[in-house]
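Chains, contacts and geometry: an overview
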Amino acid sequence: MPSALPLSAALLSLLTAAPKAPAPAATKDTGPSPQVAERLVGAALTEGHAYARLAELTDGIGPRLSGSEGEKAAVQWARRSFEADGVKVWLEPVKVPRWVRGAESGRVLASERFREHPLALLALGGSVATPPEGVTAEVLEVRSLEEVAALGDKVKGKVVFFNHAMSEAADYGKVAGLRTRGAAVSAKAGAVATLVRSLATASLRTPHTGAMRYEEGVPQIPAAAVSVEDAELLHRLLAAGPVKVELKLSSQTLADADSFNVVAEVPGREKPREVVLLGAHLDSWDVGTGAHDDGAGVTMVMEAARLIGKLKPAPRRTVRVVLFANEENGLRGGRAYAEAHAAELGNHVAALEMDSGGGRPLGVALRAGPGGEELVRPWLRPLEALGAGSILAGDAGGADLSPLVPARVPFVGVRVDSSRYFDVHHSAADTLDKVDAKDLARSTAAVAWVAYVLAEVPGVLPRPEAPAAPTPKSAH
Ligand code: ZN
Ligand code: ZN
């Protein structure tokens with residue numbers, strides 16, 4: 001459990017100082033009250049509540065893959081926790097896919113050149129099983145989906161191995177397609193299975209799983225991620241000649257299961273129909289305990305609601321927290337929310353999703369129409385001492401929010417330091433010990449403050465333009 005975090009008098013005075021910038025002339029914006037900043041930012045920094053909650057979720061409940069017992073327990077835990085906080089809460093039904101990993105193994109078969117090696121692997125979420133005796137075939141190393149198509153007949157009967165050079169968090173989006181689409185692309189060309197180098201920025205031979213999807217009318221072949229070290233081994237062995245592997249996966253997709261989005265809210269005092277949505281996803285992968293992904297985000301937004309719920313009077317608008325079901329392997333929770341609330345999306349004045357881990361806050365990002373920055377900037381001063389008081393370039397969003405794009409809901413992001421997020425993301429190493437209690441507290445403070453600003457600032461963010469292209473998918 002975390003100890004109380006030290007907060008110097010100087011820091012407190014910085015947090016609570018009134019903004020220097022004058023309020024926008026068009027409104028009666030007098031800026032935030034220093035007392036409110038202390039009650040939100042100060043409390044989040046000193047009470048250690050988010051980290052204590054994260055321990056309950058990760059150590060107490062554990063992994064939370066859609067349809068699992070852990071996921072069910074997490075839904076009830078979230079409901080009880082909001083109730084204990086005095087925050088109104090309800091459950092909204094979502095049918096979720098239910099994929100079960102089962103036993104799995106792989107090995108590099110011995111040859112004249114080398115002895116046998118075990119492979120540290122994880123089936124990708126959604127993968128079919130191999131036959132009980134496994135799949136045994138030669139490995140074909142590629143770097144891109146395009147290369148598979150270009151290789152033509154050489155792919156037939158092979159295990160296609162997607163190697164890549166991910167080295168930093170920003171690479172994730174560039175290589176994620178190898179994991180999500182590699183099996184379908186390879187199957188079209190006649191491959192019998194795929195291996196993908198784990199999408200990771202660090203490794204102690206820990207494989208990283210993640211979602212993949214098949215395509216209609218294309219054979220479904222087994223797909224797994226291998227550890228970075230095993231990818232390097234395969235690469236070295238392949239440089240000198242043919243390599244055969246054996247893969248045994250017993251994963252299955254069962255009937256869809258009943259689950260829920262957990263929805264909680266603090267009603268606004270003046271414009272209760274105007275909603276500021278704070279999201280995070282309650283599900284996780286089945287390995288590790290989803291501490292960074294997305295337990296950290298869950299506890300940040302829950303704590304924001306708890307602290308804002310204690311304010312008297314409440315902020316002008318409603319702050320609604322949605323703990324989405326099934327972000328990892330289906331996005332059914334995000335879609336269900338957008339459908340169930342279609343009639344009120346015009347009243348969603350802002351939406352923010354925390355799903356990049358529990359790192360320290362770096363600043364605020366916006367996806368809004370012109371004038372959004374000017375509305376928010378004068379109110380961010382209480383975050384300056386945390387290093388998060390600036391508006392950053394780049395987009396805001398989140399996978400679960402993507403179904404809200406057509407309704408032109410403005411998105412706001414509290415950007416966190418995710419430079420180490422992919423060290424543990426989707427792996428057995430995503431556990432509580434990887435989350436720094438102070439960083440989590442700082443980001444929680446930033447989320448609570450930004451949520452309050454969006455709910456209290458006199459004006460609302462201008463809505464962004466309708467998207468010209470299909471919604472980009474966030475891959476966190
Ligand atoms: Zn996530
Ligand atoms: Zn994830």
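Note that the structure is a prediction, hence the values are computed from the model and not measured.

**Side note on the overall build of the protein**
Helix and strand counts for the protein come out as 12 helices and 15 strands. Here the protein has a C-alpha radius of gyration of 23 Å; the compact-globule value for 476 residues is 23 Å, and the two agree. Oriented by its inertia axes, the alpha-carbon framework of the protein measures out at about 80 × 45 × 40 Å. The proportion of buried residues among the 476 residues of the protein is 59%. Within the protein, counting contacts between residues at least 6 apart in sequence, those at least 24 apart form 84% of the total. Total accessible area on the protein stands at roughly 18,600 Å², and carbon and sulfur atoms take up 54% of it. Both charge centroids of the protein, one from 52 positive and one from 56 negative side chains, sit 2 Å from each other.

**Structural notes on the domain arrangement of the protein**
When cut into domains, the protein gives domain 1 (9-97 + 256-456) and domain 2 (102-250). The C-alpha centroid of domain 2 is placed 35 Å from the C-alpha centroid of domain 1. Residue-level contacts link 15 residues of domain 1 with 16 residues of domain 2. Sorting the residues of domain 1 by area buried against domain 2 places Trp285, Phe422 and His426 first, and these three jointly supply 49% of that buried surface.

**Some thoughts on the environment of Gly182**
Note that Gly182 resides in helix α6 (residues 172-188). For Gly182 and Val160, which are 22 residues apart along the polypeptide, the C-alpha to C-alpha distance reads 8.5 Å. In contact with Gly182, other than residues within four places in its own chain, are Leu145, Phe162, Gly177 and Thr194.

**Quick look at the pairing of strand β5 (residues 135-142)**
Bridge analysis of β5 against strand β9 (residues 244-249) gives 4 bridges, and the strand direction is antiparallel. The residue of β9 that forms the bridge with Ala137 is Val245. Two elements, β5 and strand β6 (residues 159-162), share 4 bridges in a ladder whose sense is parallel. Each bridged residue has a counterpart across the sheet, and for Leu140 the counterpart in β6 is Val160. On the question of chirality, the crossover connecting β5 to the parallel β6 by way of helix α5 (residues 145-151) is right-handed.

**Things to note about the pattern of salt bridges**
Using the criterion set out here, one finds 28 salt bridges in the structure. Among the salt bridges present, the one from Glu246 reaches Arg107, with a minimum N-O distance of 3.0 Å. Here the residue Glu246 occupies a position in strand β9, and Arg107 occupies one in strand β2 (residues 104-108), the gap between them amounting to 139 residues. You can call Glu246 buried: its relative accessible area is 11%. Across the salt bridge formed by Asp439 and Arg442, the nearest N and O atoms sit 3.2 Å from each other. Placement of the pair is Asp439 and Arg442 together in helix α12 (residues 437-456), with a separation of 3 residues, close to one helical turn. Taken together, the shared-partner salt bridges connect Lys88, Glu265, Arg320 and Glu344 into one network.

The rules behind each value
Residues numbered from 1 in each chain as written. Chains lettered and ligands numbered in written order. Predicted model: local features only at pLDDT ≥ 70, side-chain atom pairs only at ≥ 80, totals over all residues. Heavy atoms only, no water. Helix = DSSP H or I, 4+ residues; strand = E, 2+ residues; numbered from the N terminus. Rg over C-alpha atoms; globule rule 2.2 N^0.38 Å. Buried < 20%, exposed > 50% of the residue type's maximum accessible area, 1.4 Å probe, protein only. Contact = heavy atoms within 4.5 Å. Areas by Shrake-Rupley, 256 points an atom, 1.4 Å probe, with all protein chains shown as cover. Lys, Arg positive; Asp, Glu negative; His and termini not counted. Charge placed at Lys NZ, Arg CZ, Asp CG, Glu CD. Domains from an automatic or database assignment. Buried area = accessible area lost by both parts, 1.4 Å probe. Pairing = 2+ DSSP bridges. Right-handed = clockwise from strand over helix to strand, strands pointing away. Salt bridge = Lys/Arg side-chain N within 4 Å of Asp/Glu carboxyl O.

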